[in-house]
Amino acid sequence: MAASNPLHQAPKILLAKPALVTTAGKLNRSGGGGGAGDDDSASHRSRHSPIGSLNLLSDSWEFYTDRFLPFLTDNTDFMVIGVIGPPGVGKSTIMNEIYGYDGTSPGMLPPFATESEETRAMARHCTVGIEPRMSAERIILLDTQPVFSPSVLAEIIRPDGSSTVSVLNGESLSAELAHELMGIQLGIVLTSICHIVLVVTEGVHDINMWRLMLTVDLLKHGIPDPSSLTFSHPQSSNLGSDKETKEKIQEGGDEYMASPVFIHTKVHEEDISPHNSVQMKKALAHYFSSSSFIRSKCQNTGKENLGSSASQRDNPDSAQLKFFLIPSKNKDDSPTPQYESYISMLWKLRDKVLSMNGPSFSRTVSERDWLKNSAKIWELVKNSPVVAEYSKTLQSSGMFRR
């Protein structure tokens, strides 16, 4: 993959397994010019992704494109798949499967780090921000840090309860509120820059991710897809005035929404019966019946062959969202006589996701322009007046400390 232009040649270290970001202050004592009076957060968090990491979104909640850009080309035939979910539900494992990783091959490291006994015992998370990978089929995979994560909250909280990370530009928030908004912002940016978003939950009784995605749908208003933004200075981090920002948003035309795939992992055997699966699908369709996720599927009838809006009202199943139940992994992975095994369901999930026709961006865009404009999308998300107003509403509700 060597390039004649040295500026586009990927450093060899990027081909290695990305290093984990140290998350505790005692592991990040590299010295520096800060005095004893510096804020504890300076040593509590590493403010930049480590060398060897491809992170698009860092732990300081800033978007970086320079490390992943050398892996992208001017190709316009590509797909972007993201994932979101709480800790320990198997997000990275699913992304490794979609990537095509074969764990039986000796000496092969997974493209995305998965939870180990050590990280589980230390109550830490493996993924920081947004970590990208590019498959041989030109599929861009975006793994994300967990939402509803105690370890993420522990990293960003100061002794006074405030957040070390500025999730809304120019606003100081409590760590609990910032943590809540981080999950929402991740959902908004993924549904804006991806074709398909995998929404992963553990078990069949937790619908917190359903609530989160409904909130994402509510607050995403005005955020375009990456192909809708045309910048005269793509490398500039300044979006200009509010008026210019609104004009850029309006260029996008119709609201864009990635196709979600709802995945419930570690499901008990008694919950995988055909009857329960049908009931879960009906509950999912009812929950999101008035959301953009259903409406966006109606607008892509040619791709998914979903039929007209009238036929969908007569037959709600025709507009069903993609839904998967993945059983818990047995030690011997022996399938029951009735239901499929963990491995076979992962294979089926991979085949289904890769065969999906997600929504198209409003215009043709190359891989490199997608990345550059995704950074601008992230700035729009952080500066979203809708999210800022929602934050004020949560503050005034008394649910979060000030």
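The following refers to the structure shown.

Rules used throughout
Residues numbered from 1 in each chain as written. Predicted model: local features only at pLDDT ≥ 70, side-chain atom pairs only at ≥ 80, totals over all residues. Heavy atoms only, no water. Helix = DSSP H or I, 4+ residues; strand = E, 2+ residues; numbered from the N terminus. Contact = heavy atoms within 4.5 Å. Areas by Shrake-Rupley, 256 points an atom, 1.4 Å probe, with all protein chains shown as cover. Buried < 20%, exposed > 50% of the residue type's maximum accessible area, 1.4 Å probe, protein only. Polar contact = N/O pair within 3.5 Å; in protein donor to acceptor, adjacent residues only side chain to side chain. Axes fitted to C-alpha atoms, helices over the stretch in contact; angles between N-to-C directions. Parallel < 35°, antiparallel > 145°, perpendicular 65-115°, else oblique. Left-handed = near helix turned anticlockwise from the far one by under 90°. Nonpolar A, V, L, I, M, F, W, Y, C, P; charged D, E, K, R; others polar. 1 Å grid on protein atoms, 1.4 Å probe; cavity = no way out; pocket = protein on both sides within 12 Å on 5 of 7 lines; lining within 4 Å. Points joined across faces, edges and corners; volume = space filled by probe spheres on them. Expected span 1.5 Å × (residues − 1). Arc of directions from axis to C-beta. Core = buried A, V, L, I, M, F, W, Y, C linked by side-chain atoms within 4.5 Å. Phe/Tyr/Trp six-rings, centres within 6.5 Å; stacked < 30°, edge-to-face > 60°. Pairing = 2+ DSSP bridges.

Once that is clear, we can look at the overall build of the chain. In terms of helices and strands, the chain carries 14 helices and 6 strands. Considering only intrachain contacts with a sequence separation of at least 6, the fraction spanning at least 24 residues in the chain is 75%. Counting every atom, the chain has about 19600 Å² of accessible surface; 51% of that belongs to carbon and sulfur.

It is worth spelling out the side chain of threonine 127 at this point. Mapped onto the fold, threonine 127 is located in the loop between helix H3 (117–121) and strand S2 (130–134). Threonine 127 sits in the buried class, given a relative accessible area of 5%. Engagement of the side chain of threonine 127 in a polar contact is seen with the side chain of aspartate 143, the distance being 3.2 Å. Residue contacts for threonine 127: discarding those within four places in its chain leaves Ser92, Asp143, Thr144, Gln145 and Pro146.

Turning our eyes to something else, we now look at the packing of helix H5 (residues 175–193) against helix H6 (residues 208–219). In a pair of packed helices, the angle between the axes and the distance between the axes together describe the arrangement. Between H5 and H6, the least distance of the axes is 9 Å, while the angle of their chain directions is 65 degrees. In terms of orientation, H5 lies roughly perpendicular with respect to H6. Between H5 and H6 lies a crossing of right-handed hand. For the pair H5 and H6, contact is made by Gly183, Ile184, Gly187, Ile188 and Thr191 and by Leu212, Met213, Thr215, Val216 and Leu219, respectively. When grouped by side-chain class, the residues that make up the contact of H5 with H6 number 6 nonpolar, 4 polar and no charged.

Now for the layout of surface pockets. Volume-wise, the largest pocket comes out at about 940 Å³. Residue lining of the largest pocket: 35 residues in total, with Gly90, Ser92, Thr93, Thr114 and Tyr342 positioned closest to the centre. For the lining of the largest pocket, the elements supplying multiple residues, two or more each, are helix H2 (91–99), strand S5 (259–267), strand S6 (322–327) and helix H12 (342–354). The dominant element in the lining of the largest pocket, judged by the number of residues it contributes, is H2, at 6 residues.

Attention now moves to helix H14 (residues 385–397). Between its terminal C-alpha atoms H14 stretches 18 Å, which fits the 18 Å expected from 13 residues at 1.5 Å a residue. Three or more residues of H14 are buried, namely Val387, Ala388, Ser391, Leu394 and Gln395. Buried residues of H14, viewed axially, fall in a sector of 120 degrees; they line one side. In H14, the exposed positions angled more than 90 degrees off the buried face are occupied by Pro385 and Ser396. At the N-terminal boundary of H14, the capping side chain belongs to serine 384, with an oxygen 3.3 Å from the backbone nitrogen of valine 386. The first or second residue beyond H14 is glycine 398, which carries a positive phi of 85 degrees.

What follows deals with H12. With 13 residues, H12 should cover 18 Å at 1.5 Å per step; its first-to-last C-alpha distance of 18 Å lies within 8% of that length. Along H12, the residues classified as buried are Tyr342, Ser344, Met345, Leu346, Leu349, Arg350 and Val353. The inward-facing, buried residues of H12 abut strand S1 (79–84), H2, strand S4 (196–202), S5 and S6.

Moving on to the nonpolar core. Grouped burial of nonpolar side chains is what soluble globular proteins tend to show. Core analysis: the biggest nonpolar cluster contains 72 residues, and Ile84, Leu142 and Trp370 have the highest contact counts within it. With 23 residues, the next largest nonpolar core counts Val200, Ile326, Leu346 and Val353 among its residues.

Within this structure, the stated rule accounts for 9 aromatic pairs. Taken together, a centroid distance of 6.2 Å and an interplanar angle of 25 degrees make the contact between phenylalanine 68 and phenylalanine 71 stacked. An identical accessibility class is assigned to phenylalanine 68 and phenylalanine 71; each is buried. Taken together, the ring pairs in this structure connect Trp210, Phe262, Tyr287, Phe288 and Phe293 into an aromatic cluster.

This part takes up the packing of H2 against H12. Their axes nearest at 9 Å, the elements H2 and H12 cross at an angle of 65 degrees. In the packing of H2 onto H12, the handedness of the crossing is right-handed. Taking contact as the criterion, the partners of Thr93, Ile94, Glu97, Ile98 and Tyr99 in H2 are, on H12, Tyr342, Leu346, Trp347, Leu349, Arg350, Val353 and Leu354. The residue makeup of the contact of H2 with H12, split by class, is 9 nonpolar, 1 polar and 2 charged.

With a phi angle near 50 degrees, phenylalanine 148 is a residue other than glycine that sits in the positive phi range. Here phenylalanine 148 shows up in the loop between strand S3 (139–144) and helix H4 (150–156). Take phenylalanine 148: its relative accessible area is 35%, and that puts it in the partly exposed class. Phi at lysine 266 takes a positive value of approximately 55 degrees, unusual for a residue other than glycine. Judged by its relative accessible area of 36%, lysine 266 is partly exposed.

Next up on the list: the sheet that holds S5. Within the open sheet, the 6 strands sit side by side as S2-S3-S1-S4-S5-S6. Their pairing is mixed. Lying at the two open borders of the sheet, with one neighbouring strand each, are S2 and S6. Strand-to-strand, the axes of this sheet are offset by a mean angle of 20 degrees, without reference to chain direction. Taken together, the 5 bridges between S5 and S6 define a ladder with parallel strand orientation. Bridging from a neighbouring strand, histidine 264 pairs with leucine 325 of S6. Here H2 sits on the sheet in contact with S1, S2, S3, S4 and S5, set at roughly 170 degrees to S3. Sheet strands in contact with H5 are S1, S2, S3 and S4, and its direction is about 160 degrees off that of S1.

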